[in-house]
Protein chains: 2
Amino acid sequence: MRRYVDLSPSQRCIMTPGPVEVDPRVLRAMSFPILGQFDPEFTCIMNETMEMLRELFSTDNRWAYPIDGTSRSGIEAAMVSLIAPGDRVLIPIYGRFGHLLHEIAERCGAEVFVIEKTWGSVFEPNEVIAAIERFTPDVVAIVHGETSTGRIQPLAEIGQACREMDVLLIVDAVATIGGVPVETDEWMLDAVIGGTQKCLSIPSGMAPITYNDRAEAKLLSRKQVERGLRTGQEYAESTKLSFIRSNYFDLSMLQDYWSSTRLNHHTEMTSMLYALREGLRLTLEEGFEARFARHILHEKALLAGLTAMGLKLYGDPDCKLTVVTCVLIPEGVDGESVRSMLLNRFGIEIASSFGPLKGLIWRIGTMGFSCRENNILRLLGAFEAVLIRHGLSLPCGYGVQAALDVYEANEYKRNQFPMV
Amino acid sequence: MRRYVDLSPSQRCIMTPGPVEVDPRVLRAMSFPILGQFDPEFTCIMNETMEMLRELFSTDNRWAYPIDGTSRSGIEAAMVSLIAPGDRVLIPIYGRFGHLLHEIAERCGAEVFVIEKTWGSVFEPNEVIAAIERFTPDVVAIVHGETSTGRIQPLAEIGQACREMDVLLIVDAVATIGGVPVETDEWMLDAVIGGTQKCLSIPSGMAPITYNDRAEAKLLSRKQVERGLRTGQEYAESTKLSFIRSNYFDLSMLQDYWSSTRLNHHTEMTSMLYALREGLRLTLEEGFEARFARHILHEKALLAGLTAMGLKLYGDPDCKLTVVTCVLIPEGVDGESVRSMLLNRFGIEIASSFGPLKGLIWRIGTMGFSCRENNILRLLGAFEAVLIRHGLSLPCGYGVQAALDVYEANEYKRNQFPMV
């Protein structure tokens, strides 16, 4: 039998759009001994986590809890529970993760209608509203922040239109939650899915979601049908009906598990829940205003540095997502070779991209715990060195100096933030 | 805004059939800083984990990797990927988790055939084989170890019969993997799902699975159909076809992510994978023979203690599952009150049961890291005290003494095991 050595992962500076670095306090939380899933101490932690999630999503919704899986498990749970086979679903697509929503909606058996926007931009709200009027969908599913293109889609007007036309609106806020405002109630979003491994800086493994009474009503109507599935005869009849196709992702069962009835479903992920609770605690302790301002400040410093180095940014600046910066790879430079050198020599990770943007842009994340001054300065210095090593002639030292200028000009403001 | 205090979970002695206590070395592994999901160091950890899982499942299968969710996510992934709508599926049920397989198979759109055995016993292999001949299913799904009743179902003859009749056999080994032998290849099991939070003593959050070429062939046939889903017209035609209804649980996509092509799917759960790798490393280090013998020894001591206290066991002893012991609640005793006192005064958790057994039995787990001498002795002493406090007249001191007798008689053997 082969002997396996002890784990010893290297220390990385992770400047991708997720997963990003994790606050040591969150890592520590995962090392606490576990509790049983029905231990009153544990169910108390579950309830506290729900309270904190309501704050995170800016909602008074009763239901706000994590799905036990990675971010896309939350998306699938919301979609498979809220989209019945045959439902009409509109997906406005402006990047890779819109295509994922399309793919999942198809697997739910929906009749899918798609509108597409050139990557690098987002929809005018009126374009989406016109499509809703044209296709009269039961459900609209849309991405809030596209990490593939680094763009953010305004949602307030779309939310209001969906409410007026009685359409359910499902929002993928995986990339934005905890980094930029997500106003569930104010924007009238019916179901919202967040991610842990991005702006919340918790390891991948849970997907916080919230949904309102309108969404719950649809769940419960499907639950009633599903209950009838007992005999072969009933089953044969019910295949035409709209029962929820997944047990693991059935929100109508999950909410019973998260309610005071604690109806047994899965075995809750103890250590991941500890991490989620601690990550939420740190987020609420910092405060949304300070946290969003911190993300804006470090983005500003990064942009100043990249621009001073003579690099060009990708995409429409009017809809740039604060927490992801897409940089055009200069002509003649091998983007993957630059990334490898950054990782192997400097211990810094940045991302490539997908589909039509593969080989054309790098993506730099400034998210959560990774979004801090020393990381920005470290990245800019290393980036310059690696680009020079790849034959680019750059004005030496300008990148870091430009970022320092931003930080010094914002010294007073920065001191109001936690020292990160 | 409410202030939340720091996490501070109590130290518990967890003697349930899962989740159980976690080795501090596994908890420590989760506190390591994370790596990016495509960092070569991380993909190396993914590959090592696959190697270890093959050993765990006693298989030469190419595919052995975790599903990112709790144990039932692994069951659903195997079933939704291997059961096409309309497939004939036979489920032999002898406890609660057989009903779960039934429920999931129905949601997959299968035509389900069920045979049931009185709880507390298991099937004679011939009973299952006769049902296979009668119902001619495409798939048989069965539980290996039923934690609800504490029974274990022999699988070798059923496996051979399925192979001969070209039926796919899916096995839920959530409760047995790492605690009693699971011989994937020798027993001819086509797909096996393990659990982390039981005999492997890793926190809930991943579901290791393995499947062979026969299972993969079925996946790939369904994958080809799914690829055609591009236009509305193709979609309308394909609803009759057998595409996999889930994106998150589509094993044909997951195996691409776990292969050297690393086709992006979800963002792998970094910290949970660290925990899984460390838990597997400790399991392989102890060795299967020593580990299974350890579980048998502590079960023996527990049974000696309980019997000496005058308590009666539930179920057919011939098919008792080593790692779960079901105890009949003595007449006139409030089982839930006993459990509460054990937890609140002594910090020890044991389990109640489900459905027809609710209020009739307690279930005591002796699994993984929880399965050690000091835990058994602690439980027996506390159990006696709590039962006396509940008005039962017991022969004082006999339980612990009987367990000590077992340990002393096995001293030589015990010293060959790690000191747990």
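Residues numbered from 1 in each chain as written. Chains lettered and ligands numbered in written order. Predicted model: local features only at pLDDT ≥ 70, side-chain atom pairs only at ≥ 80, totals over all residues. Heavy atoms only, no water.

Going by what an unreviewed UniProt entry lists, chain A is known as Aminotransferase V and is assigned to Paenibacillus crassostreae. Recorded under Cofactor (unreviewed entry), the UniProt text for chain A is reproduced unchanged: "pyridoxal 5'-phosphate". (UniProt positions renumbered as here; feature names shortened; annotations may be inferred.)

A. Summary view of the side chain of His266(A). Along the chain, His266(A) turns up in the loop between α9 (251-258) and α10 (270-286). Residue class for His266(A) comes out buried when judged on its relative accessible area of 4%. Side-chain polar atoms of His266(A) contact the side chain of His265(A), separated by 2.9 Å. Separated by 2.7 Å, the side chains of His266(A) and Glu268(A) make a polar contact. Setting aside residues no more than four positions away along its own chain, His266(A) makes contact with Gln37(A), Asp68(A), Tyr248(A), Leu254(A), Tyr257(A), Thr70(B) and Arg72(B). (Helix = DSSP H or I, 4+ residues; strand = E, 2+ residues; numbered from the N terminus. Buried < 20%, exposed > 50% of the residue type's maximum accessible area, 1.4 Å probe, protein only. Polar contact = N/O pair within 3.5 Å; in protein donor to acceptor, adjacent residues only side chain to side chain. Contact = heavy atoms within 4.5 Å.)

B. How the structure looks around the confidence of the model for chain A. Residues and elements named next belong to chain A. On average, residues of chain A score 93 in pLDDT, and 93% of them are at 70 or above. Note that residues 224-232 has pLDDT below 50 and, in this model, 13 contacts with residues that lie over four places away or in other chains. Contacts from residues 234-240, a stretch scored under 50 in pLDDT, to residues over four places away or in other chains number eight contacts. Among the prediction metrics, the complex's ipTM stands at 0.94, with pTM recorded as 0.95. (pLDDT = per-residue confidence, 0-100.)

C. Inspection of the relation of the copies chain A and chain B at higher detail. Between the two copies, chain A and chain B, the superposition gives an RMSD of 0.0 Å; the rotation angle is 180° and the shift along the axis is 0.0 Å. Expressed as an axis order, the relation between the two copies is that of a two-fold axis. Using C-alpha coordinates, one finds that chain A approaches the rotation axis most closely at Gly69(A), a distance of 2.4 Å. Both copies contact each other with a shared surface, as 100% of the interface residues of chain A are interface residues in chain B too. (Least-squares fit on C-alpha atoms with pLDDT ≥ 70 in both.)

D. Quick peek at helix α5 (residues 125-135) of chain B. Residue and element names in this part refer to chain B. Inspection of α5 places Pro-125, Val-128, Ile-129, Ala-131, Ile-132 and Phe-135 among the buried residues, and these make up the whole buried set. An end-on view of α5 places all buried positions within 160° of arc, on one side of the element. Seen from the buried face of α5, the exposed residues on the opposite side, beyond 90 degrees, are Asn-126, Glu-133 and Arg-134. Residues of α5 that are buried in the fold lie against β3 (88-93), β4 (111-116), β5 (139-143) and α6 (156-164). (Arc of directions from axis to C-beta.)

E. Spatial organisation of the sheet that holds strand β3 (residues 88-93) of chain A. All names here are of chain A. Taken in spatial order, the seven strands line up as β2-β10-β9-β8-β5-β3-β4 in an open sheet, and their pairing is mixed. Two strands bound the open sheet, and with one partner strand each, they are β2 (63-67) and β4 (111-116). In this sheet, neighbouring strand axes are inclined to one another by 20° on average, regardless of whether the strands run parallel or antiparallel. Against the sheet, helix α5 (residues 125-135) contacts β3, β4 and β5 (139-143), and its axis sits at roughly 155° relative to β3. (Pairing = 2+ DSSP bridges. Axes fitted to C-alpha atoms, helices over the stretch in contact; angles between N-to-C directions.)

F. Looking closely at the UniProt feature "modified residue: N6-(pyridoxal phosphate)lysine" (unreviewed entry) in chain A. Residues annotated by UniProt as "modified residue: N6-(pyridoxal phosphate)lysine" (unreviewed entry) correspond here to Lys198(A). Within the secondary structure, Lys198(A) is located in the loop between β9 (191-194) and β10 (207-211).

G. Representation of the pattern of salt bridges in the model. With the rule as written, the count across this model stands at 46 salt bridges over all chains. Where salt bridges share partners, they join Asp6(A), Asp23(B), Arg25(B), Arg28(B), Glu278(B), Arg281(B) and Glu285(B) into one cluster. (Salt bridge = Lys/Arg side-chain N within 4 Å of Asp/Glu carboxyl O.)

H. Main features of the state of the cysteines. Enumeration according to the criterion identifies zero disulfides over all chains in this entry. A disulfide-free cysteine, Cys199(A) has its sulfur positioned 8.1 Å from the sulfur of Cys371(A), the nearest such atom. Cysteine Cys162(B) shares no disulfide, and the gap to the nearest cysteine sulfur, in Cys108(B), comes to 18 Å. (Disulfide = S-S within 2.5 Å.)

I. Here's a closer look at the interface of chain A and chain B. Contact with chain A, which involves 84 residues of that partner, is made by 84 residues of chain B. Across the interface of chain A and chain B, roughly 7500 Å² is buried in total on both sides, 52% from carbon and sulfur atoms. On the chain A side of the contact with chain B, Tyr4(A), Leu7(A) and Arg107(A) bury the most area, a combined 12% of that side's loss. In this structure, the connection of chain A to chain B is made through ten salt bridges. Our count for the contact surface shared by chain A and chain B stands at 32 residue pairs in polar contact (both at pLDDT 80 or more). Those elements giving two or more residues to the side of chain A that touches chain B turn out to be α1 (24-29), α2 (40-56), α3 (71-82), α4 (96-107) and α10 of chain A. With nine residues, α10(A) is the single largest residue contributor to the side of chain A that touches chain B. Its residues placed into classes, the side of chain A that touches chain B shows 36 nonpolar, 21 polar and 27 charged. (Buried area = accessible area lost by both parts, 1.4 Å probe. Nonpolar A, V, L, I, M, F, W, Y, C, P; charged D, E, K, R; others polar.)

J. How the structure looks around the domain arrangement of chain A. All names here are of chain A. If you check the domain split of chain A, you get domain 1 (23-282) and domain 2 (287-414). Put simply, the middle of domain 1 and the middle of domain 2, counted by C-alpha atoms, are 31 Å apart. With 28 residues of domain 1 at the contact, the number on the domain 2 side is 25 residues. Summing both partners gives a buried area of about 2100 Å² for domain 1 against domain 2, and 64% of it is carried by carbon and sulfur. Viewed at the interface, domain 2 and domain 1 are joined by zero salt bridges. For the side of domain 1 that touches domain 2, the elements supplying multiple residues, two or more each, are α2, α4, β6 (145-146) and β7 (151-152). (Domains from an automatic or database assignment.)

K. Highlighting the pairing of strand β11 (residues 324-328) of chain A. Residue and element names in this part refer to chain A. Counting buried residues in β11 gives four out of five residues, a clear majority hidden from the surface. Of the pairings in the sheet, the one linking β11 to strand β13 (residues 361-365) comprises five bridges and is antiparallel in character. When the bridges of β13 are listed, Cys-326 appears paired with Arg-363.

L. Fine view of the packing of helix α11 (residues 288-308) of chain A against helix α13 (residues 373-389) of chain A. Residues and elements named next belong to chain A. Running from N to C, α11 and α13 point in directions that differ by 15°, and their axes come no closer than 10 Å. What the angle tells us is that α11 and α13 run roughly parallel. Between α11 and α13 the crossing geometry is right-handed. Contact with α11, carried on its side by His-298, Ala-301, Leu-302, Gly-305 and Leu-306, involves Glu-373, Ile-376, Leu-379, Leu-380 and Phe-383 of α13 and no other residues of that element. Considering only residue class, the contact of α11 with α13 consists of seven nonpolar, two polar and one charged. (Parallel < 35°, antiparallel > 145°, perpendicular 65-115°, else oblique. Left-handed = near helix turned anticlockwise from the far one by under 90°.)

M. Geometry of the sheet that holds β5(B). All names here are of chain B. Read from one edge to the other, the open sheet built from seven strands follows the order β2-β10-β9-β8-β5-β3-β4, with strand pairing classed as mixed. In this open sheet, the two edge strands, each paired with only one partner strand, are β2 (63-67) and β4. The average undirected angle you get between the axes of adjacent strands in this sheet is 20°. Of the pairings in the sheet, the one linking β3 to β4 comprises six bridges and is parallel in character. In the sheet register, Ile-93 faces β4, and the bridge partner there is Glu-116.

N. Representation of the packing of aromatic side chains within the structure. Residue and element names in this part refer to chain B. Going through the model one piece at a time under the given rule, you end up with 27 aromatic pairs over all chains. Ring centres of Tyr-94 and Phe-123 lie 6.3 Å apart, and the angle between their planes is 90°; this geometry places the pair in the edge-to-face category. Linking Tyr-94 in the loop between β3 and α4 (96-107) with Phe-123 in the loop between β4 and α5, this pair joins segments that are 29 residues apart in sequence. Looking at Tyr-94, the relative accessible area reads 1%, which means it is buried. Classification of Phe-123 as buried rests on a relative accessible area of 4%. (Phe/Tyr/Trp six-rings, centres within 6.5 Å; stacked < 30°, edge-to-face > 60°.)

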